[in-house]
Amino acid sequence: MYPLGPVVAMLVVLTISAGSSAAVAVLAPQLGPEAGLEPTAVGVFVAITSVIAGLTGVLSGGIILAWGPIRVLQAGVLAAGAGMLLVTSASPWLLVLAAVLLGCATGPYNPASAQVLTGLTATQWQPFIFSVKQTGVPVGGMLAGAALPVAALTLGWQESLLVVAALAGLVAVSLQPLHRQFPSQPSSARGRSLLGAAVGPVKLVSRDVRLRRLTLCACAYSSTQLTFVAFHTVYLTEVAGWSLLDAGVAFACMQAGGIFGRIGWGLAAGNVVTPERLLIGLGVLTGFGLLALSVLTPDWSLSIVMVVSFLLGSTGMGWNGVLLARVATHAPKGQAAFATGGLQLVMFLGSVVMPPVFALIVSIGGYTTGYVVLAVLIAIGAYTLMPLTTAFSHRTPPSH
C-alpha cells in the first residue's frame, strides 16, 4: 500500500487534536480570569487530560480491532471538537469535562495510528514515517500559537475556539474513505476483559528490556515536554511581561522547532545514527535548553527568546516519532497498538504528575527552580537508554 495517503491523514488528525489541546495553554492568560482561575491552573487541566489519555490509550487496543483504527480516530477528533465547545463556557466544572474529552481524543491516537502505519515501509524508514506523522503536534501547536491570539483579539477568544471545533468536524468526515482500507477485526478483539485490556499492554512493554527502557524514557521525556509547552506562554507573560501576542509568537517558534526536529531526526534515525543514541542526544540538548530558559529576564529581546524557543522545540519536541517507531518495530507482530497503548499509560501517568508538581515548585521556588528540575528529569530519561546503545546497537530488530 502506498503510504502517502495514510501518513497525511494521520498528520491531519494529530494536527487538529494537538491544536485543540494547545489552544487551552495559549489562551490560558485570558481563559483563566474569565473562569475565575489562575493561569497556572492550566497545569491541572493538562494533568486531567493526561490521566484520561493514559487510561483510554491503554484500553484502546481491543476497541481499535473491533471498530477499526479509522473509526476510533474519527471519534477522537469529534471529542476534541466537543471539548473546544465546552471550553468556551469558561465554567470550571465544564473545563474539567473538556479536559476529559481531550484526553479521550488524545489517548487512542498513537495506538490507532501505529496500527495504520506499521509495516507500510521498510524498517529503516519507520522512524521517518512516524516522525512525519508526529509533526502534527508542533504543527497544531504552532497554528494555535500564531493564529489564536490574533483571532482572540479580532473575533474574541470564545469565537476562535468555535472555529477549531468546526475544523474538527470537517476532519472527522474527511477520514471516512480510509475506513475501507483499514477495516475492523472484531474476531481478534473477542475474549478480552476490561482488566485484561488494561493490564495486557503494560505487561507487554514491561517484560521486554528494550520496550521497558523505551517506555521509561518516554515517561520522562513526555512529562518534561508537556510541562514546558503548557507553561511557555504563561512564563513569558508573567516573567518577561510580554503581551499575549508576543508570547504566542515565541510559542509558535517552539512548535516550528518541533516540526523541524521531528522531520530531521526521523531522517537521521537508523540512517545516520542509531535511534537510541539519537534519543539520548536529544535529551541532553533539551536539558541545556531548559537551563537556558531558566535564566530568562525581562531584558532578553524577543528575537533571542524566539531562537531559544525554536531550539528547545526542535530537541524537546523532536523525539516522539523516533521513539514510537522503535516501540512499534520491537512489538510482536500485530501488537503495535497494544505495545503503544502500554507505553502511553506509563507515559501519561508521569505527565499527570509533572505539570501540577511544576506549578507547586514555581509557587515555592520560582520558574528557575522549576526548569532546573525539568532538566534533571529529562537527563534521567536519557540515562535509561544508555544500556541499549551497547547491548542492541549492532542487532537488527526481530523479524515478525
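Scroll up a little and you will see the structure.
Predicted, not measured: the structure shown is a model, and the values here were computed from it. (Residues numbered from 1 in each chain as written. Predicted model: local features only at pLDDT ≥ 70, side-chain atom pairs only at ≥ 80, totals over all residues. Heavy atoms only, no water.)

## Details of the overall build of the protein chain
Broken down by element type, the protein chain carries 18 helices and 0 strands. Relative to the globule expectation of 21 Å for 400 residues, the C-alpha radius of gyration of the protein chain, 20 Å, shows essentially globular dimensions. Expressed along its principal axes, the backbone C-alpha trace of the protein chain runs to roughly 55 × 45 × 35 Å. Contacts spanning at least 24 positions in sequence make up 86% of the contacts within the protein chain whose residues lie at least 6 apart. On the protein chain, roughly 15300 Å² of surface is accessible, and the fraction owed to carbon and sulfur atoms is 71%. Separation of charge centres in the protein chain, based on 15 positive and 8 negative side chains, amounts to 31 Å. (Helix = DSSP H or I, 4+ residues; strand = E, 2+ residues; numbered from the N terminus. Rg over C-alpha atoms; globule rule 2.2 N^0.38 Å. Contact = heavy atoms within 4.5 Å. Areas by Shrake-Rupley, 256 points an atom, 1.4 Å probe, with all protein chains shown as cover. Lys, Arg positive; Asp, Glu negative; His and termini not counted. Charge placed at Lys NZ, Arg CZ, Asp CG, Glu CD.)

## Notes on the packing of aromatic side chains
Here the distance between the centres and the angle between the planes together describe a pair of aromatic rings. Enumeration according to the criterion identifies 8 aromatic pairs in this entry. Taking the centre distance of 4.7 Å and the plane angle of 45 degrees together, the rings of Tyr235 and Tyr367 count as tilted. Placement of the pair is Tyr235 in helix α12 (residues 232-239) and Tyr367 in helix α17 (residues 336-384), with a sequence separation of 132 residues. Between Phe358 and Tyr371, the ring centres sit 5.4 Å apart and the planes meet at 65 degrees, which makes this aromatic pair edge-to-face. Across this residue pair, the class does not change: Phe358 and Tyr371 are buried. One aromatic cluster is present, formed by Phe231, Tyr235, Phe358, Tyr367 and Tyr371 through successive ring pairs. (Phe/Tyr/Trp six-rings, centres within 6.5 Å; stacked < 30°, edge-to-face > 60°. Buried < 20%, exposed > 50% of the residue type's maximum accessible area, 1.4 Å probe, protein only.)

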